Amino acid sequence: MSHSISSISAAVRQDFPILHQSIHGKHPLVYLDNAASTQRPTAVLEAMDNCYRRDYSNVHRGIHELSERSTAQYEAARQTLADFVGARDAAEIIFTSGTTAALNLVAHAWSAAVLQPGDEILLTMLEHHSNIVPWQQAAARHGARVVFAPIGHHGSFDLVEWQKCFTPRTRLVSFAAVSNVLGYRLPIEPMVSYAKERGVTVVLDAAQAVPHEPIHFENLGVDFAAFSGHKLLGPTGIGVLYGRRQWLERIPPFLGGGSMISGVTTSGFTPGELPAKFEAGTPPIVEAIGLAAAVRYLSDIGLDQIAEHEKSLARRARERLTQIRGIAFLHREREVASGIVSFHVPGVSAQDIAVLLDCKGIAVRAGHHCTMPLHDFLGVPASVRASFYLYNTAEEVDYFGDRLQETIERLSA
Ligand SMILES: Cc1ncc(COP(=O)(O)O)c(C=O)c1O
């Protein structure tokens, strides 16, 4: 397959060295596993390489030149991230190792400050395990209960059903901004308003939103939000917890250690100021610098344009896949809202489909995508997910569709 390329992907593909390779020695790589993790442009690789080669030292501790340079770049990265996601104040950006770590931080620290026996935490049926298990653990620690709002059996989200799950004991709601399997955006604005009118804390799992659409946490009115660097062209090992200053000041630190204190004696410690209070130990310094480079790269292209590009690829994929006998989409509605397309073929193993596609150079994800409750609810043991990003092309979608058709015909024979 040749890569004759249209739209924004033509120019950007040159920036991603990893995309220019053959798989199994003969098929050009078609990377459609972007909801799991994305690839890095040279701008990110160079930003990290430059730091390690010229400027690297530990931050906030030394008074020597390299420490000052690293600290300046690390704190500049925080400001870049704050501007990117609409935080009022850079101190509301806590660097963590990813979405999972960020959600664990809130679940632990917020619950320690607020949660009482009998309280309820409201989730939805489509959540990623990272937005389920930390709440189950917190509920178990504090004698609280986790409630799952149902979704429609065709995969769609029902705002009214979600609202019906509120009780006088609901203390916190946490939900994905965009489902990593169903691919649509939840109605964040009415959900936030409804929760806020009832004095309920709102946590947004923005892992699948921040890489793909312009977002402004302050304007959305959420109390906390989490996302990962590796899903937006940044390095692994870094993510962000956004928290409103009032909350971050009120809740206790999560991890204890160096950097997060203003003082320690043999009888106790005093937490440091924000954001240090939540960044115990040596932070992901070079990863933060790489993440800021990724954010600048995405901003230069424009998230609106990226979102349109992904949606046009997903639309094309759905149209092509609709022609293949046996395919059932997990989200049945035709409207495409992101670059994620998930499906299953009753009677055919999702893993077998993914293995045969890999033989043709196509990387997709098969399994439950860390959403076992959702798959159980939909009665689907496992699904296949193709997820597009700015560097994917219409030609790749067509190649994927043709190889998928052959694969399913072969496995159904
Ligand atoms: C919606 C959602 N939440 C949370 C996560 C967890 O992200 P990470 O593994 O980077 O912590 C993912 C990753 O797949 C996700 O898609």
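Residue positions are given per chain, counted from 1 along the sequence in the order it is written. Only residues with pLDDT of 70 or above have their local features reported here, since the model is predicted, and side-chain atom pairs are shown and tallied only from 80 upward, although totals for entire chains, interfaces and linings are computed over all residues. Working from all heavy atoms in the structure, the side-chain values ignore hydrogens and water.

Engineer: Would you mind going over the pairing of strand 11 (residues 261-265) with me for this structure?
Structural biologist: In the case of a regular strand, side chains alternate between the two sheet surfaces. Burial classification: accessible surface area is computed with a 1.4 Å probe over protein chains only, and a residue below 20% of its type maximum counts as buried, one above 50% as exposed, and the rest as partly exposed. In this text, helices come from DSSP runs of H or I with a minimum length of four residues, and strands from runs of E with a minimum of two, each type numbered from the N-terminal end. When you tally the buried positions in strand 11, you get 0 out of 5 residues, a small fraction of the element. A pair of strands is labelled paired if DSSP reports no fewer than 2 bridges between them. Here strand 11 runs beside strand 12 (residues 268-271); their pairing, made up of 4 bridges, is antiparallel. Counted as the bridge partner of G263 is T270 from strand 12.

Engineer: Any chance you could explain the sheet that holds strand 8 (residues 201-205) here in plain terms?
Structural biologist: Sheet strands pair by backbone hydrogen bonding; their relative direction is either parallel or antiparallel. Read from one edge of the open sheet, 7 strands run 4-10-9-8-7-5-6, paired in mixed fashion. Every other strand in the sheet has two partners, leaving strand 4 (93-96) and strand 6 (145-149) as the edge strands with one partner each. The mean inter-strand angle of the sheet, taken between neighbouring strand axes irrespective of direction, is 20°. Across 5 bridges, the pairing between strand 7 (residues 170-176) and strand 8 is parallel. Paired with A176 across the strands is D205, a residue of strand 8. Should any heavy atoms of two residues lie within 4.5 Å, those residues are considered in contact. Angles shown run from 0 to 180 degrees and are taken between the N-to-C directions of axes, each axis being a line fitted to C-alpha atoms and, for helices, limited to the stretch in contact. Of the strands in this sheet, strand 4, strand 9 (224-228) and strand 10 (239-243) are in contact with helix 3 (residues 65-85), which crosses strand 4 at around 115°.

Engineer: Teacher, can you tell me more about the sheet that holds strand 14 (residues 340-344) here?
Structural biologist: As summarised here, the arrangement of the 4 strands in space is 13-14-17-16, forming an open sheet in which the pairing is antiparallel. The sheet terminates laterally at strand 13 (328-329) and strand 16 (365-367), the two strands that pair on one side only. Bridge count for strand 13 against strand 14 is 2 bridges, and the pairing is antiparallel. When the bridges of strand 14 are listed, F329 appears paired with F343.

Engineer: Help me understand the packing of helix 11 (residues 303-322) against helix 14 (residues 394-412), please; the structure alone is not making it clear to me.
Structural biologist: Between two packed helices, the angle of one axis relative to the other and the distance separating the axes together describe the packing. The contact between helix 11 and helix 14 brings their axes to 10 Å, and the two run at 25°. In this view, helix 11 runs roughly parallel relative to helix 14, as classed from their interaxial angle. Handedness of the helix 11/helix 14 crossing: right-handed. Residues L313, R316, A317, R320 and L321 of helix 11 form the contact with helix 14, whose own contacting residues are A394, V397, D398, F400, G401, D402, L404 and Q405. Every angle not falling under 35 degrees, over 145, or within 65 to 115 is termed oblique; those three ranges are roughly parallel, roughly antiparallel and roughly perpendicular. Left-handed describes a crossing whose near helix is turned anticlockwise from the far helix by less than a right angle; the clockwise case is right-handed.

Engineer: Explain the domain arrangement of the protein chain here, please?
Structural biologist: For an interface, size is often stated in terms of accessible area lost upon the parts coming together. Once the domains are mapped, the protein chain shows domain 1 (9-31 + 302-412) and domain 2 (46-299). The straight-line distance from the C-alpha centre of domain 1 to that of domain 2 is 29 Å. Between domain 1 and domain 2, the residue contacts involve 32 residues of the former and 34 residues of the latter. Buried area counts how much accessible surface, traced with a 1.4 Å probe, disappears from two parts once they are put together, with both parts' losses summed. In total, about 2,600 Å² of surface goes out of reach between domain 1 and domain 2, with carbon and sulfur atoms giving 64% of it. Salt bridge criterion: a side-chain nitrogen from Lys or Arg within 4 Å of a carboxyl oxygen from Asp or Glu. Our count for the domain 1 to domain 2 interface comes out at 0 salt bridges. No other element matches the 6 residues that helix 13 (residues 372-378) contributes to the side of domain 1 that touches domain 2. Residue ranges assigned to the domains are those given by an automatic or database domain assignment.

Engineer: Where do I start with the side chain of R385 in this structure?
Structural biologist: Looking at the secondary structure, you find R385 in strand 17 (residues 383-387). The sign given to each residue is positive for Lys and Arg and negative for Asp and Glu; His and the chain ends receive no count. One buried charged side chain, R385, makes no salt bridge at all; its nearest oppositely charged neighbour is D33, positioned 4.0 Å away. In terms of polar contacts, R385 uses its side chain to reach the backbone carbonyl oxygen of N180, at 2.8 Å. We define a polar contact as two N or O atoms separated by no more than 3.5 Å, with the added condition that, inside protein, one atom must be a possible hydrogen donor and the other a possible acceptor, whereas residues neighbouring each other in sequence contribute only through side-chain atom pairs.

Engineer: Teacher, can you tell me more about helix 11 here?
Structural biologist: Because each turn of an α-helix spans 3.6 residues, side chains separated by three or four positions in sequence point in the same direction. Its 20 residues place the ends of helix 11 28 Å apart at the C-alpha level, agreeing with the 28 Å of an ideal helix rising 1.5 Å per residue. Listing the buried residues of helix 11 in full gives L303, I306, A307, H309, E310, L313, A314, A317, R318, R320 and L321. Next to the buried residues of helix 11 lie helix 1 (9-12), helix 3, helix 10 (285-301), strand 13, strand 14 and helix 14. A helix is expected to span 1.5 Å multiplied by its residue count minus one.

Engineer: What am I meant to see in the site of the ligand here?
Structural biologist: Neighbouring the ligand are the residues T99, T100, H128, S130, N180, D205, A207, Q208, S228, H230 and K231. Within the side chain of D205, one N or O atom sits 2.6 Å away from a nitrogen atom of the ligand. In this structure, an oxygen atom belonging to the ligand sits 2.7 Å away from a side-chain N or O atom of H230. The Shrake-Rupley method, run with a 1.4 Å probe sphere, supplies the accessible areas, and residue values consider only the shown protein chains as cover. Notes on the ligand: free accessible area 390 Å², of which the protein chains cover 85%. One heavy atom within 4 Å of a molecule or strand makes the whole residue count as near it.

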